[in-house]
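Residues per chain are reported as follows:
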Amino acid sequence: MSKATPGPTPGFLVWRLSTKWRVAVDRAVAPLGLTHAQYSLLASLLGMQRTGRQPSQRQLAEHTGLEALYVSKLARALEEAGLVERAKDPADSRAVRLSLTDRGQQTTRRAVDVVQQLLEQLLAPLGGLDSARTEVLVAELSTLLDTPLDVQPSDVPG
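Criteria and thresholds
Residues numbered from 1 in each chain as written. Predicted model: local features only at pLDDT ≥ 70, side-chain atom pairs only at ≥ 80, totals over all residues. Heavy atoms only, no water. Pairing = 2+ DSSP bridges. Helix = DSSP H or I, 4+ residues; strand = E, 2+ residues; numbered from the N terminus. Salt bridge = Lys/Arg side-chain N within 4 Å of Asp/Glu carboxyl O. Buried < 20%, exposed > 50% of the residue type's maximum accessible area, 1.4 Å probe, protein only. Core = buried A, V, L, I, M, F, W, Y, C linked by side-chain atoms within 4.5 Å. Contact = heavy atoms within 4.5 Å. pLDDT = per-residue confidence, 0-100. Axes fitted to C-alpha atoms, helices over the stretch in contact; angles between N-to-C directions. Parallel < 35°, antiparallel > 145°, perpendicular 65-115°, else oblique. Left-handed = near helix turned anticlockwise from the far one by under 90°.

Chemist: Quick question: what am I supposed to make of the pairing of strand E1 (residues 84-89) here?
Modeler: Remark: a regular strand shows side chains that alternate across the two faces of the sheet. One ladder, built from 6 bridges, connects E1 with strand E2 (residues 92-100); its direction is antiparallel. When the bridges of E2 are listed, Lys88 appears paired with Val96. Taking the residues between adjacent antiparallel strands as the criterion, E1 and E2 are bridged by 2 residues.

Chemist: It is not clear to me how the pattern of salt bridges should be interpreted in this structure. Could you clarify?
Modeler: Any two side chains of opposite charge can pair, on the condition that their charged atoms come close. Considering all chains together, one arrives at 4 salt bridges under this definition. Glu79 is the partner of Arg86 in a salt bridge, and the nearest nitrogen-oxygen pair spans 3.5 Å. A salt bridge links Asp92 to Arg94; the shortest N-O distance between them is 3.2 Å. Residue Arg94 is classed as exposed on the basis of its relative accessible area of 72%.

Chemist: Teacher, can you tell me more about the nonpolar core here?
Modeler: If you look at soluble globular proteins, the nonpolar side chains tend to sit buried side by side. Core analysis: the largest hydrophobic core is formed by 25 residues, its most contacted members being Val29, Leu34, Leu42, Leu60, Leu78, Val84 and Leu98. Taken together, the elements giving at least two residues each to this core come down to helix H1 (10-29), helix H2 (36-50), helix H3 (57-64), helix H4 (68-80), E2 and helix H5 (102-123). When neighbours within four sequence positions are excluded, Leu98 is seen to be in contact with Leu45, Gln49, Gln54, Pro55, Gln57, Leu60, Ala75, Val84, Glu85 and Arg86.

Chemist: What's the story with the confidence of the model for the chain in this structure? I'm lost.
Modeler: Do not read the fine detail of predicted coordinates wherever pLDDT is low. Model confidence for the chain is summarised by a mean pLDDT of 92, while 95% of its residues fall at 70 or above. Highest mean pLDDT in the chain belongs to H5 (97); lowest belongs to E2 (89).

Chemist: Mind showing me how you'd approach the packing of H3 against H4 here?
Modeler: Two quantities define a packed helix pair, namely the angle between the helix axes and the distance between the axes. At a closest axis distance of 9 Å, the pairing of H3 and H4 adopts a crossing angle of 115°. Relative to H4, the element H3 is oriented roughly perpendicular. Note on packing geometry: the crossing formed by H3 with H4 is right-handed. Every residue of H4 that contacts H3 at Gln57, Arg58, Leu60, Ala61 and Thr64 is listed here: Ala68, Val71, Ser72 and Ala75.

Quick look at the structure:
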């Protein structure tokens, strides 16, 4: 006899939370002319630049978890908007390095401030960003993100 799940599954809750977060960030950064995906790319790029890195599109894709082709599309749009500069990597002709323009840095900092406020709202029930419960949540989410997920066609019933 199978044991029915008495409530929502963890997968459903992860999906709902990620959807709630994406919608909230989309709405919050829209006045800055950004989408959540663009924000994720810009904020990651800002963080990497602060440590002296000028990542390639592929490195940024790996960092954000976005597909390389999608990062390329986002980078082109952000370049057209004057927020990002794309340059050929002198050491690898296939690679494109990304950097924020001055305008891109200003816009990204404003967006980071807005999203930080959202994050504080989200984490308030756990005691805030610096709480022990949030620290545990971050550790648990990191564990889940580090777990490979790969269903093979032979694993699908039927």
